[in-house]
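Now for the letters of each chain:
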Amino acid sequence: MAGHRLIITKISITVFVLSAIVISPSFYQQASAQQPFKEREFVQKDSIPTVSDSTLKIEEVTNGLDTPTTMAFLGSNDFLILEKDKGTVLRVTNGIISDKPLLDANVANSVERGMCGIAVSRDGPKTFVFLYYTEINGKDFDDRKGIEPEGNRLYRYELVDNSLVNPVLLLDLPAHPGPRHNGGAIEIGPDNNLYVPVGNIDASFRKPNPPTQTENFGHGIAADGRSGILRITQEGKPAGVGILGNSMPLKLYYAYGIRNSFGLGFDPITGNLWDTENGPAQGDEINLVFPGFNSGWYKIYGLSSSQKIFDKDKLVTFGGKGKYAEPKLVWGRTAGLTSLIFLNSDKLGTQYRNDMFVGDVHNGRIYHFDLNTARSDLVLPDSLSKSFISNPNTVGVQEIIFGEGFGGITDLTVGPDGYLYVVSIGQGKIFRILPK
C-alpha cells in the first residue's frame, strides 16, 4: 500500500469568542475551562470485581500492566494491549505477557496523553495494526519537563515476526494545548474505514489556540482535526465525498461538536454508530451518531431541557449539512464514560446478544442496555425514563449496572471466544467475563 498520509496543519490564530449558554456562566467557565488537572482521573484500588448476573463469573486473564488503555485481538487467546504512559505495545498469549514490547514509542503522557488507541486489520497474509498516540521528540514523560509533543498521531504498522514495522503516518492531529481530551479510540466500521474520535485538546478556552466551527464557534476556523469523529480509509485517504464539506480537513469529519470521547461502537444489526462523550463536571452522554451529527459542544452538553438558554438555530450547521440531536442518556455527575461495545455473541446468554455495554473510569462500572425495536434508543427503567442519571446512587442505576469494582475501565472487548474482556487501568489487569 502506498504511504499516503493526511497531515492536519496546526494553526496559530487568536480568536476571542465566548458565550455563556449553559445553566450558570460562572460554573460553566470553571467546569469547562480551567479545572485543575488530575494526573490520575481513574479509580486506583484492588477491589474485587463482581457481576450482577449470578450465572456468570469473572476470571483474571493477566496482571502487572502499567496504565493499560485498549486491547485488540489477533486470534484466540492472543491479543495486543497498550500501556499509556510507557508508550508500549505488548502481546499477551494464553495470559503470558511478551518478554519485550512489539513497539516502544516515545510518548508525551501527562494526564490523558500517551498510547491511546488500537485496531487490527488483515489484508491477505498481512496483519496491520493501527495505533493512536501522543508522539514526542524526546523521551516518555518529557512533556512534564516542558517539552511539547509533536502531535496526536495515527500510524499504520505491519505485524512481522512479533514486531511492529513499516510505520505509515495516516493522521497528524493537534496535541496543543492539552494535556486532556485527545480521544483516539480507533474503530473499524462495517465499511472497513477507520473511525477516530478526537476531543477539543483542552483548547476551547485557552489562547492562542483558535476555536473552531466544529466546536460550534460560528466565527472560528473551519476545522483543524479537533472536536469530531474523523473517518478515513485504511490507507489514510478521505472516505468518499465529505459530509460537511470538501475542504481539508473538514472532509474527514463524520461528526462534530465533540468535547471528548473514549468510546465508539457499531451496532451489528443496523450498522449505526454510537459513542460515549465526557462532559466537564457533568453531562456525560451516550449518543446515536449519524453522518453529520453535531453533538453540540461547546454551546451545549447534556440534555437541552436542562439549559436555561439554548437556541439550536445558533449552532454551526455547515450550510445545513450538520444536524444536532439529543443524547440518549446523560449523567448529571460525570462517570468518565469510556468504551462502548455491542456483544455480538450469545456466549453469556441469548438475553445479552447484540446488547450495548458501556464502561466508566471513575467508578469502575459496566452498564448494560437493551435497545428498542428500531435500534434507535435505549430501553431504560421507568425510574430513568427522563434519560438522566443525577448521581451514582440514583434510583434505577442498579438496574443498568452489569458489573462493578473493576477499578477504572478503559476498554471493553468481545474476544474470538465470544466472552467479554475488561481492561482495568486502575488495577493494571485484564479480566474476562464468562458463564460459570
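What counts and how
- Residues numbered from 1 in each chain as written.
- Predicted model: local features only at pLDDT ≥ 70, side-chain atom pairs only at ≥ 80, totals over all residues.
- Heavy atoms only, no water.
- Helix = DSSP H or I, 4+ residues; strand = E, 2+ residues; numbered from the N terminus.
- Contact = heavy atoms within 4.5 Å.
- Areas by Shrake-Rupley, 256 points an atom, 1.4 Å probe, with all protein chains shown as cover.
- Salt bridge = Lys/Arg side-chain N within 4 Å of Asp/Glu carboxyl O.
- Buried < 20%, exposed > 50% of the residue type's maximum accessible area, 1.4 Å probe, protein only.
- Core = buried A, V, L, I, M, F, W, Y, C linked by side-chain atoms within 4.5 Å.
- Polar contact = N/O pair within 3.5 Å; in protein donor to acceptor, adjacent residues only side chain to side chain.
- Pairing = 2+ DSSP bridges.

Student: For the overall build of the protein chain, give the residues involved together with the corresponding values.
Tutor: Counting its regular elements, the protein chain contains one helix and 31 strands. Of the contacts made within the protein chain by residues no fewer than 6 positions apart, 64% connect residues no fewer than 24 positions apart. As presented, the protein chain carries roughly 16900 Å² of accessible surface, and 48% of it is formed by carbon and sulfur atoms.

Student: Tell me about the pattern of salt bridges, and name the residues and values.
Tutor: Inspection of every chain in the model, using the stated rule, returns 16 salt bridges. In this structure, the salt-bridge partner of K84 is D85, at a minimum N-O distance of 2.8 Å. With respect to burial, K84 and D85 carry one shared label: buried. Linking R226 and E215 is a salt bridge whose minimum nitrogen-to-oxygen distance equals 3.5 Å. With R226 in the loop between β14 (194–198) and β15 (228–232) and E215 in the loop between β14 and β15, this pair connects stretches of sequence that are 11 residues apart. Since its relative accessible area comes to 1%, R226 is described here as buried. Several salt bridges share partner residues, and in doing so they unite K57, E59, D417 and R432 into one network.

Student: So, the nonpolar core: which residues are in play, and what are the values?
Tutor: If you look at the biggest cluster of nonpolar residues, it comprises 36 residues, and the most contacted ones within it are F130, Y132, L154, I186, I229 and L273. Listing elements by their share of this core, those giving two or more residues are β9 (115–123), β10 (126–135), β12 (163–173), β14, β15, β16 (253–256) and β17 (263–266). Beyond its immediate sequence surroundings of up to four residues, I186 is in contact with G117, I118, A119, F130, L131, Y132, L154, L194, Y195 and V196. Within the second largest apolar cluster, 28 residues are counted, among which are F79, L348, F402 and F406.

Student: Go over the side chain of S339, please, and point to the residues and values.
Tutor: Structurally, the position occupied by S339 is in strand β23 (residues 337–342). Polar contacts involving the side chain of S339 include one to the main-chain amide nitrogen of L412, which spans 3.1 Å. Not counting chain neighbours up to four residues away, the residues in contact with S339 comprise F262, G263, F357, V358, G359, T410, D411 and L412.

Student: Can you explain the sheet that holds β16? Please cite residues and give values.
Tutor: Across the sheet, six strands lie side by side as β13-β14-β15-β16-β20-β21; this open sheet has mixed pairing. Bordering the open sheet on either side are β13 (187–188) and β21 (323–324), each of which pairs with just one other strand. Relative to β16, β15 runs antiparallel, the two being bridged by three bridges. Its bridge partner being in β16, G228 is matched across the sheet by Y256.

Student: So what about the sheet that holds strand β18 (residues 273–277)? Which residues, and what values?
Tutor: Two modes of strand pairing occur in sheets, parallel and antiparallel, and in both the strands are linked by backbone hydrogen bonds. Reading across from one edge, β17-β18-β19-β22-β27 is the order of the five strands in this open sheet, with mixed pairing throughout. Across the chains shown, the open sheet's two edge strands, defined by having one partner strand only, are β17 and β27 (388–389). Where strand β19 (residues 284–289) and strand β22 (residues 329–331) come together, three bridges link them in antiparallel fashion. Bridging across to β22, E285 finds its partner in V330.

Student: If you had to explain the pairing of β17 to someone new, which residues and values would you point to?
Tutor: Residues of β17 alternate between two faces, with G263 and G265 on one and L264 and F266 on the opposite face, all of them buried. Where β17 folds back onto β18 in an antiparallel hairpin, the turn is made up of six residues, including G271, whose phi is positive at roughly 80°.

Student: Go over unusual backbone geometry with me, naming the residues and quoting the values.
Tutor: The phi torsion of most residues other than glycine is negative, and most of the peptide bonds are trans. The omega torsion across G178 and P179 is 10°, close enough to zero to call that bond cis. Structurally, P179 can be placed in the loop between β12 and β13. P249 follows M248 through a cis peptide bond whose omega is 5°. With respect to the helices and strands, P249 occurs in the loop between β15 and β16. Residue N162 is not a glycine yet carries a positive backbone phi of 65°. Locating N162 in the fold gives a position in the loop between β11 (151–160) and β12. One non-glycine residue, I201, adopts positive backbone phi at about 55°. With respect to the helices and strands, I201 occurs in the loop between β14 and β15.

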